[in-house]
Amino acid sequence: MSSLSRELVFLILQFLDEEKFKETVHKLEQESGFFFNMKHFEDQVQAGEWDEVERYLGGFTKVEDNRYSMKIFFEIRKQKYLEALDRQDRAKAVEILVKDLKVFASFNEELFKEITQLLTLDNFRQNEQLSKYGDTKSARNIMLIELKKLIEANPLFRDKLAFPSFKSSRLRTLINQSLNWQHQLCKNPRPNPDIKTLFMDHSCTPNANGSRPPPTNNPLVGPIPKAGAFPPIGAHGPFQPVVSPSPGAIAGWMSTPNPSMPHPAVAAAPPGLVQPSSAAAFLKHPRTPTGVTGMDYQSADSEHLIKRIRTGPADEVSFSGVMLSSNAYSQDDLPKAVVRTLSQGSNVMSMDFHPQQQNILLVGTNVGDISLWELGSRERLVHKPFKVWDIQAASMPLQTALVNDAAISVNRCVWSPDGLMLGVAFSKHIVQIYTNNPTGELRQHLEIDAHVGGVNDIAFAHPNKQLCIVTCGDDKVIKVWDAAAGRRQYTFEGHEAPVYSVCPHYKENIQFIFSTAIDGKIKAWLYDCLGSRVDYDAPGLWCTMMAYSADGTRLFSCGTSKEGESHLVEWNESEGAIKRTYSGFRKRSLDVVQFDTTRNRFLAAGDEFQIKFWDMDNTNVLTAVDADGGLPASPRLRFNKEGSLLAVTTTDSGIKILANNDGLRLIRMLESKAMERNRGTSEPINTKPLIVNALGPIGNVSNAVAPTLERADRIQPAVSISSLGNMENSRLVDVKPRIPDDIDKIKSWKISDIADPSQMKALRLPDSTTAGKVVRLMYTNNGLALLALASNAVHKLWKWPRNDRNNPSGKASAYVVPQLWQPPNGILMANDVNDNKPAEESTACIALSKNDSYVMSASGGKVSLFNMMTFKVMTTFVSPPPAATFLAFHPQDNNIIAIGMEDSTILIYNVRVDEVKTKLKGHQNRITGLAFSQTLNILVSSGADAQLCVWSIDGWEKKKTRFIQAPTGRQSPLVGETKVQFHNDHTHLLVAHESQIAVYDSKLDCLRFWSPKDALAAPISCAIYSCDGLLVYATFCDGAVGVFDADSLRLRCRIAPSAYIPSFSLSGGNPSYPLVVAAHPSEPNQIAVGMTDGSVHVVEPSDAELKWGGTPSQDNGPSNSSNPSPSGQASELPSR
């Protein structure tokens, strides 16, 4: 169930409670399992309603779930048993003993015997341990205390004991807002609309004369009616009118905090961080470009309504960014390839790309220097060491600070939105503002003695259409300065600790500033003298920065606690609550983690000596890169405006520039121009015209300070991706400039066949107990370990050691030998086996939880749930026959598992309640593959019948089925194991069969196809996408591995078995070959293969190369057909 659906259940619970449907409330609590009502539970226990107590508990846990649950049920049944004995009702006591308590005998036989012996006593209080048992009421109260402790400690009840905090009558509020929005869309809105039903969308009937009615004096949008004021269905009066708030009010976050709630309730106003002065006008101007459905400035609660009604052209646009639908980008858009390395010479503290000249990077250092770098030529155009421009005008505290300690650092440097100014905040008192002319000169403009102590952040803003500078500092104050003359305009006081960062923003006509302090407090300020409108706690309660997405619609923050725990979250602006928390950070960060946003789609943060990327809509790490190494533990980073380049700091006081394909083209073009200038052209360099209008008009600023010319001849014209080629109508931002193909050639494998171990790096993992084939293999989600399941039903886990010199991240690598890990108790993690069928002849299956804590596995017997830390079996379920053959976790609920069975059915199983929800039938042979797509809301299954089936997740009905096509020369229909895996976009499906690999779309149409031939003629044993979705790895029954381009299925390179399998393994009549392949979750060029001889090999390119394969081999023939080609050649549709 999605998070919004879950929240809807809470809204319904609140509504039922307000309407006094008490029994229905508790029934929904039990059936949903979202909220455990402790008060209701206590009432039932004190009343002795034992059947209801166990029925209510059953919605959340079962006896065998864990030791806490077992203890809870035991205490309840023991109390019921003692009460029967106290009433001298021996028959009932015997019934409870046999039916309810006997289940615990297998866990503690001695205790069960002792309980049974109580039947022989005239009064059970004769038992020494029960001698203090009082009356029934006091005994129940004592037991309740114990039960509450057990429930609070039970992990199954985590996050279920507190009802979410939100305003009363919230469901009524949303309905009223919906009716108001619907009324705004009426073609003939009536002043007093008559609402008689909620079953249909509201629409006013036109007047008899067809004229438009006069405007009503009662605005339709404003405060929500109080509980009980919602108009009755069928009433003939107007639906509840709402009054427009004052323009100075900021809704949502600007409400008065309620100390009883973890996050204050939303203000009584329509959703949105800021409320325009005219809500009706706000609704008349949708913010979505033509033909694009996007998120407006509304809360997530109304997201589904907005997506339905917000279409059509926009009358006005406040932000320069273009809103795109969520499928407009892919991982290809992430800058991951290192294209430049710059040597700054001192530690880099802050960076910012010019907003128009995408090739200009501003850098500030720990010694107070600032520099401008031109990335095409790698030249440092400007270098300005720190100095106070007018020491005579400096305040005495500043002069004293400089005398006591001359060392000074740049805390932040930033460009103004138009690129005509740059601001620098220093660690002592002052900020310096430069003007940047299109001719390339930096002029000293303003030097402001801004704060007492360090100036921790600086930003530009446009309150009242006037460019201003916002600063914050150690003196706990935020100040706003006029950018033209440096006059102080506003001072905001209210923080109780040094202010760490500021984030100015605006929506409609409301201008505001977010600020964060090192005590973790978040405050918001309007440009007035009325104080802070918000006082919330940031996750981590220490250093936090806030940033909006490029289009200004989504708010994020990233911070690190004093203990080193980092938190990256998205905020629900309308509620002032955390909407989404992103996972994947190191448990103990060594420094404050820095982050940035790009393309309205991606987040990036520096952590664990890497750059980690997230999709904004997914809490799990999308991918991570180490930029070829040399990064600090928490590198600083910054995207350029278009997201094609990413600057990241290095440990050697340098900067690496990473690029995507667009960024690479930009760099190559700039490099080409630099080479032309170096060769010498007939025209003088200075006569080449600059693109002045790209920078906008020069600001009206003071010229009192004499200009300082800074190498004007080396400033490049303003360059951005959007200026390199004609913009395609189909994609407004992702412009593909026409650059010769040879520019795209970067350092990579130049050969198509790898046959020698020296051409790559391969590591055979240590294993002294090799026995049986490796039938399943997977990396843990954090990439630190590798888990294998052998045909003898035994699991093996290899963990890589963390080493500051060779492997600082502790990630799996072919360059570091891992340890075959076992818990201290020395037990093996072995599956249950079927006595009637050897494990070697059974189909094995395995699935890993998202947090790597639990693994679910089967080898012909029961499905076992193991604890990965202890290797202990937590529980078993689904006894054969039939046996489980494939396992997959539901993407939204880890308690729901899809289990493919040997008898060709699929069970949808709820682990928590130990119940088969439904059984899917559609295959004719055992299930061999399952893959969920949260984007498409489907489950795709594959079987040994070579058939694909698509099932809806909502109702589990079968939507489509198709048999895979047989290549030329193969008998049809095909049989044999067929495996499926969704691409990272969750819309394209990789299908692997011994006869082929193919890519299908959501309609099960085959888009691309490849079958074994030539150097890779053996049957395919397994295939998998790389973690970034750019490659497909396929293993073959002769020991070879093929690396294919995922988009075209063209062969990039072939890894011969001689390159990674020791020669002795190849000799003899039965050479080993890989049965399974696993792709590293964050290293796209690393794979692991599990062999028929029981060994596991980790394989990756050598240090001298960046990736597998060069230009795709043309031996595969042309690939321009849109239909599958059963001839063995790759086929592809036009690029998506």
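Because the structure is a prediction, the values reported are computed rather than measured. (Residues numbered from 1 in each chain as written. Predicted model: local features only at pLDDT ≥ 70, side-chain atom pairs only at ≥ 80, totals over all residues. Heavy atoms only, no water.)

S.K.: Describe the pattern of salt bridges, listing the residues and the values that go with them.
M.R.: Counting across every chain of the model gives 38 salt bridges. Taking the shortest distance from any N to any O, the salt bridge between Lys612 and Asp607 comes out at 2.8 Å. Each of the two residues, Lys612 as well as Asp607, counts as buried. Arg665 serves as the salt-bridge partner of Asp662, at 3.5 Å between the closest nitrogen and oxygen. In this pair, Asp662 and Arg665 both sit in helix α13 (residues 661-679), three residues apart, roughly one turn of the helix. The same class applies to Asp662 as to Arg665, namely buried. Linked by salt bridges that have partners in common, Arg554, Glu570, Arg580 and Asp617 make up one network. (Salt bridge = Lys/Arg side-chain N within 4 Å of Asp/Glu carboxyl O. Buried < 20%, exposed > 50% of the residue type's maximum accessible area, 1.4 Å probe, protein only. Helix = DSSP H or I, 4+ residues; strand = E, 2+ residues; numbered from the N terminus.)

S.K.: So what's going on with the confidence of the model for the protein chain? Which residues, and what values?
M.R.: Any residue range with low pLDDT should be treated as having predicted coordinates unsuitable for detailed reading. Averaged over the protein chain, the pLDDT score is 78; the fraction of residues at 70 or greater is 77%. Per-residue pLDDT stays below 50 along residues 681-751; that stretch engages in 133 contacts with residues further than four places along the chain or on separate chains. For residues 1111-1136, every residue scores under 50 in pLDDT, and the model assigns this stretch 65 contacts once sequence neighbours within four places are set aside. (pLDDT = per-residue confidence, 0-100. Contact = heavy atoms within 4.5 Å.)

S.K.: How would you summarise unusual backbone geometry if you had to cite specific residues and measurements?
M.R.: For the peptide bond that leads from Pro880 to Pro881, omega is -10°, which places it in the cis range. Following Pro881, the chain continues to Pro882 via a peptide bond in cis, the omega torsion being -10°. You can see Pro882 is positioned in the loop between β38 (873-877) and β39 (884-889). For Asp628, which is not a glycine, the phi torsion comes out positive at approximately 65°.

S.K.: Tell me about the packing of aromatic side chains, and name the residues and values.
M.R.: The relation between two aromatic rings is expressed through the spacing of the ring centres and the mutual angle of the planes. Enumeration over the complete set of coordinates arrives at 25 aromatic pairs. A centroid spacing of 5.9 Å and a plane angle of 20° characterise the contact between Phe60 and Phe157, whose relative ring orientation is stacked. Of this pair, Phe60 sits in the loop between α4 (50-57) and α5 (67-86) while Phe157 sits in the loop between α8 (136-153) and α9 (170-184), placing them 97 residues apart in sequence. For the pair Phe60 and Phe157, one class covers both residues: buried. With centroids separated by 5.0 Å and ring planes inclined at 80°, the aromatic side chains of Phe124 and Tyr133 adopt a geometry described as edge-to-face. Like Phe124, the residue Tyr133 is buried in the burial classification. An aromatic cluster of three or more residues is present, and its members are Phe10, Phe34, Phe35, Phe163 and Phe166. (Phe/Tyr/Trp six-rings, centres within 6.5 Å; stacked < 30°, edge-to-face > 60°.)

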